[in-house]
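Survey of secondary and tertiary structure
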Amino acid sequence: HAQLVESGGGSVPAGGSLKVSCATSGYGDYCLAWFRQAPGKGREGVASIYTFADGRMRPVYADFVKGRFAISRDSAKNMLYLEMRNLEPGDTAVYYCASVDSACSLYPDSFSDWGQGTQVTVSA
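Structure report, in brief.

What counts as what
Residues numbered from 1 in each chain as written. Predicted model: local features only at pLDDT ≥ 70, side-chain atom pairs only at ≥ 80, totals over all residues. Heavy atoms only, no water. Helix = DSSP H or I, 4+ residues; strand = E, 2+ residues; numbered from the N terminus. Rg over C-alpha atoms; globule rule 2.2 N^0.38 Å. Buried < 20%, exposed > 50% of the residue type's maximum accessible area, 1.4 Å probe, protein only. Contact = heavy atoms within 4.5 Å. Areas by Shrake-Rupley, 256 points an atom, 1.4 Å probe, with all protein chains shown as cover. Lys, Arg positive; Asp, Glu negative; His and termini not counted. Charge placed at Lys NZ, Arg CZ, Asp CG, Glu CD. Phe/Tyr/Trp six-rings, centres within 6.5 Å; stacked < 30°, edge-to-face > 60°. Lys NZ or Arg CZ within 6 Å of the ring centre and 35° of its normal. Disulfide = S-S within 2.5 Å. Pairing = 2+ DSSP bridges. Axes fitted to C-alpha atoms, helices over the stretch in contact; angles between N-to-C directions.

**With respect to the overall build of the protein chain**
Each helix and strand counted, the protein chain has zero helices and 11 strands in total. The order of helices and strands in the protein chain, counted from the N terminus, is β-β-β-β-β-β-β-β-β-β-β. The globule rule puts the C-alpha radius of gyration for 124 residues at 14 Å, and the 13 Å found for the protein chain is close to it. Principal-axis analysis of the C-alpha atoms places the extent of the protein chain at approximately 40 × 25 × 25 Å. Every one of the 124 residues in the protein chain was classed for burial, and the buried ones make up 42%. For the protein chain, contacts bridging at least 24 residues in sequence account for 58% of all contacts bridging at least 6. Carbon and sulfur atoms form 50% of the exposed surface of the protein chain, whose accessible area is close to 6400 Å². Measuring between centres, the 11 positive side-chain charges of the protein chain sit 5 Å from its 12 negative side-chain charges.

Right under this line is the structure:
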């Protein structure tokens, strides 16, 4: 499978917004998700989005998102996005996108295809 490729990371002040993107393979992308990993911590799920056969999409968010983030995808363009608002220093991490051709979860071991990550840094 083709490598997923994240982009759009950068440095923003607390309270700011950032949108990261992921170019996917377009194959078996029933479930796409965003994970993040801060130094010294494990990889944690941020949000996932499952696409049903009828085109409906079901987003799921980790509790720490608290309504600040929105996951979306453009299937025609094989793109996945994460819009982040009201960013906090605790959001600083490398953000990864992932794909699996099965049901969604926020557990990294469930995903078979990963990007290289994009750094998001939020200053206080």
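**Considerations on the packing of aromatic side chains**
One pass over the structure, following the stated rule, counts four aromatic pairs. Relative to Phe111, the ring of Phe35 has its centre 5.1 Å away and its plane inclined at 75 degrees; by these criteria the two rings are edge-to-face. Here Phe111 lies in the loop between β9 (93–100) and β10 (113–114) and Phe35 lies in strand β4 (residues 31–37), a separation of 76 residues in the sequence. Each member of the aromatic cluster is reached from another via a ring pair, and the members are Phe35, Phe111 and Trp114. Sitting over the face of the ring of Tyr96, Arg43 holds its NZ or CZ atom 3.7 Å from the ring centroid. Positioned above the aromatic ring of Trp114 is the side chain of Arg43, whose terminal nitrogen or guanidinium carbon lies 4.8 Å from the ring centre.

**Some details on the state of the cysteines**
Summed over all chains, the structure comprises two disulfides. Paired through a disulfide, Cys31 and Cys104 show a sulfur-sulfur distance of 2.0 Å. Disulfide Cys31-Cys104: the torsion about the S-S bond is 115 degrees, which places it as right-handed. Of the two residues, Cys31 is situated in strand β4 and Cys104 in the loop between β9 and β10; the sequence distance between them amounts to 73 residues. For Cys31, a relative accessible area of 0% translates into the label buried. Looking at Cys104, the relative accessible area reads 27%, which means it is partly exposed. Look at the protein chain and number its bonded cysteines as they come in the sequence; the links are 1-3, 2-4.

**Focus: the sheet that holds strand β7 (residues 69–74)**
Here we have four strands laid out as an open sheet, ordered β1-β3-β8-β7, and antiparallel in their pairing. Across the chains shown, the open sheet's two edge strands, defined by having one partner strand only, are β1 (5–7) and β7. Recorded for the sheet is a direction-independent mean angle of 15 degrees between the axes of neighbouring strands. Pairing of strand β3 (residues 18–23) with strand β8 (residues 79–84) involves six bridges; the strand directions are antiparallel. Looking across to β8, one finds that Val20 is bridged to Leu82.

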